[in-house]
Amino acid sequence: MLCIKNGRIITATDDYVADVLIEGETITAIGKNLTTPAGAEVIDAEGKYVMPGFIDPHVHIYLPFMGTYAKDDYDSASRAALVGGTTTLIEMCCPSRGEDPLKAYQLWKSKAEGLSACDFTFHMGVSRFDADTSAKLREIVADGIASFKVFLAYKNFFGVNDAELFETLKLAKELGVIVTAHCENETLVAELQQQLLAAGKVGPEWHEPSRPRQVEAEGVQHLMTFAELTGTAVYIVHTSCHAAVKAALAARQRGVRVWIETVIPYLVLDDTYAQRPDFEGAKFVMSPPIRAAEEQPHLWNALRTRDISTVATDHAPFDFHGQKEMGRGDFTKIPNGIPTVEDRVNLLYTHGVATGKIDLNTFVDAASTQAAKLFGLFPRKGTIAVGSDADIVVYDPNYRGVLSAATHSMATDYSAFEGWPIIGRPDVVTVRGKVQVRSGKFVGALGHGQFLRRQASH
Ligand code: URP
Ligand code: ZN
Ligand code: ZN
């Protein structure tokens, strides 16, 4: 039993001081001056925020991609997530076109089960739609998966063609599944890549020009047409720019059921990072690319107005040495992705809340509650309420620290935020009533994390 005393409870809608009582895995009482039951551990949260465990709705942990494998496993990734305040991970299960979806699903699940320190579930990637696919996807949904993932990018690897996209969306609509989508026009990307390489433009700084904003906005527009025709609920992952947000909002105005995610790198980094000399820019190569700084105010504003629903990471960790280096002399071979699962919440607080760009309720909404609501986890996750899972972050706004690869828990050999100061950090983190982080350090147990069964309801 745990009693978290005198903290300032912040949810997506509320802000008040109270005690929280946890019995077993669940929040059983919230109120002022609760009597602490005999034997309960007391956590003093005076001067701190008590927030629902954060949910990262877009991570890659097991990821065979671009000729290599992402660096983390559930040991490093779930510890990193928890130290950073994230208590639930939604991982992209990403089979390649040739892979059997059911076998892939079991494989991805087996990587997490018994090892993860935080709770987890998956968006089921659909990279091909043939005669058997529907039955297999139905089986996966029956196992508690309530969301699919499609890529309108990465031609011949993860990417679906238009007929497959249409079939996937129709099935999703029938099952009440929401479809998450990576939106870029893959043909244009392939053409632009070849054009740039042929002109001798081979460094990481050419990654962004090979996938410009129009290519992303066109991908969004493309998905919107399909979603409009099928009526399926869709969620655009890693939205990097105003043009893409505008295309989605215009569709929402027409009645398309669309939600928008951005990811922390787009909010705090800009294209000058990928332009760093001596191939260092490769550390900042992800897709869609990190844009010009002028995009950031648009994204923060859309977050503030809640037109953007969620801030995820798109955690896709590759070492600089040996992995990013595969793309020296050809930017199209740099494994795409940035390690961020540990830093999302601290960066969002430091650059969003502490600067006044967003308020505390929006912070919780974007980093926890909206993901829970969209992906079938609410109110079990995403809020602090009697009956909810006791996933709690006691956040210390007075902490001051610095991000660094030397101290992070992620497995990569670099941090994209090396030397960046942070304001505040998760002090205590619980997962279903168990203290997994204390004084900002992982003190818990690997294997405590559970697979979360979800009900498709869109
Ligand atoms: O660059 C990225 N985003 N890497 C991970 C794969 C994906 O597209 O989400
Ligand atoms: Zn993607
Ligand atoms: Zn991703």
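Residues numbered from 1 in each chain as written. Chains lettered and ligands numbered in written order. Predicted model: local features only at pLDDT ≥ 70, side-chain atom pairs only at ≥ 80, totals over all residues. Heavy atoms only, no water.

A.B. asks: Tell me about the coordination of the zinc ion (ligand 2), and please be specific about residues and values.
C.D. replies: Bound to the zinc ion (ligand 2) on the protein side are His182 (ND1) and His238 (NE2), at distances that span 2.0 to 2.1 Å. Note that the zinc ion (ligand 2) binds 4 donor atoms; their angles at the metal cover 56 to 150°, and the shape is irregular. Separating the zinc ion (ligand 2) from the zinc ion (ligand 3) is a gap of 3.7 Å. Of this pair, histidine 182 sits in strand β12 (residues 178–183) while histidine 238 sits in the loop between β13 (234–236) and α8 (242–253), and the two are 56 residues apart along the sequence. (Donors = N, O, S within 2.8 Å, 3.2 Å for Na, K, Ca; no water. Tetrahedral: all angles 85-135°; square planar, octahedral: opposite > 155°, others 65-115°. Helix = DSSP H or I, 4+ residues; strand = E, 2+ residues; numbered from the N terminus.)

A.B. asks: Which residues make up the nonpolar core, and what values go with them?
C.D. replies: One finds Phe122, Phe148, Leu348 and Phe363 to be the most contacted residues of the largest nonpolar core, which totals 134 residues. When residues of this core are assigned to their parent elements, the largest contribution, 8 residues, is made by helix α12 (residues 360–374). Counting the residues that make up this core, at least three belong to each of domain 1 (2–51 + 386–397 + 422–442) and domain 2 (53–374). With near-sequence residues (within four places) excluded, phenylalanine 363 lies in contact with Met51, Phe54, Val345, Leu348, Tyr349, Val353 and Ile358. (Core = buried A, V, L, I, M, F, W, Y, C linked by side-chain atoms within 4.5 Å. Buried < 20%, exposed > 50% of the residue type's maximum accessible area, 1.4 Å probe, protein only. Domains from an automatic or database assignment. Contact = heavy atoms within 4.5 Å.)

A.B. asks: Which residues make up the packing of aromatic side chains, and what are the values?
C.D. replies: One pass over the structure, following the stated rule, counts 26 aromatic pairs. Ring geometry for tyrosine 235 and phenylalanine 375: centres 4.8 Å apart, planes at 75°, overall edge-to-face. With tyrosine 235 in strand β13 and phenylalanine 375 in the loop between α12 and β16 (392–402), this pair connects stretches of sequence that are 140 residues apart. By relative accessible area, which is 1% here, phenylalanine 375 ends up buried. Between the aromatic rings of phenylalanine 363 and tyrosine 395, the centroid separation amounts to 6.3 Å while the plane-to-plane angle is 65°, which identifies the pairing as edge-to-face. Residue phenylalanine 363 is located in helix α12, and its partner tyrosine 395 is located in strand β16; the two are separated by 32 residues in the primary sequence. As far as the burial class goes, phenylalanine 363 and tyrosine 395 line up, both buried. Each residue in the set Phe65, Phe151, Tyr154, Phe157, Phe158 and Phe318 is aromatic and connected to the rest through ring pairs, giving one cluster. Sitting over the ring of tyrosine 62, lysine 111 keeps its end group 4.5 Å from the ring centre. Looking at lysine 373, its charged tip hangs above the ring of phenylalanine 378, at a distance of 4.8 Å from the centre. (Phe/Tyr/Trp six-rings, centres within 6.5 Å; stacked < 30°, edge-to-face > 60°. Lys NZ or Arg CZ within 6 Å of the ring centre and 35° of its normal.)

A.B. asks: Pulling in residues and values, what's your account of the coordination of the zinc ion (ligand 3)?
C.D. replies: Around the zinc ion (ligand 3), the protein contributes the donor atoms His58 (NE2), His60 (NE2) and Asp314 (OD), which lie 2.0 to 2.2 Å from the metal centre. Relative to the metal, the 4 donor atoms surrounding the zinc ion (ligand 3) lie at angles of 86 to 139°, and the coordination shape comes out irregular. We note that the donor set of the zinc ion (ligand 3) lies within a single chain, spaced as H-x1-H-x253-D. Its relative accessible area of 0% is what places histidine 58 among the buried residues. Classification of aspartate 314 by relative accessible area gives buried; the value is 7%.

A.B. asks: Tell me about unusual backbone geometry, and name the residues and values.
C.D. replies: With an omega of -10°, the peptide bond between serine 287 and proline 288 qualifies as cis. As for its placement among the helices and strands, proline 288 is situated in the loop between α9 (264–268) and α10 (295–304). Of note in the backbone geometry, tyrosine 154 takes a positive phi value of approximately 60° without being a glycine. On the secondary structure map, tyrosine 154 appears in the loop between β11 (147–152) and α4 (162–175). Its identity as a non-glycine residue notwithstanding, arginine 432 has a phi of 45°, on the positive side. Here arginine 432 lies in the loop between β17 (421–431) and β18 (434–438).

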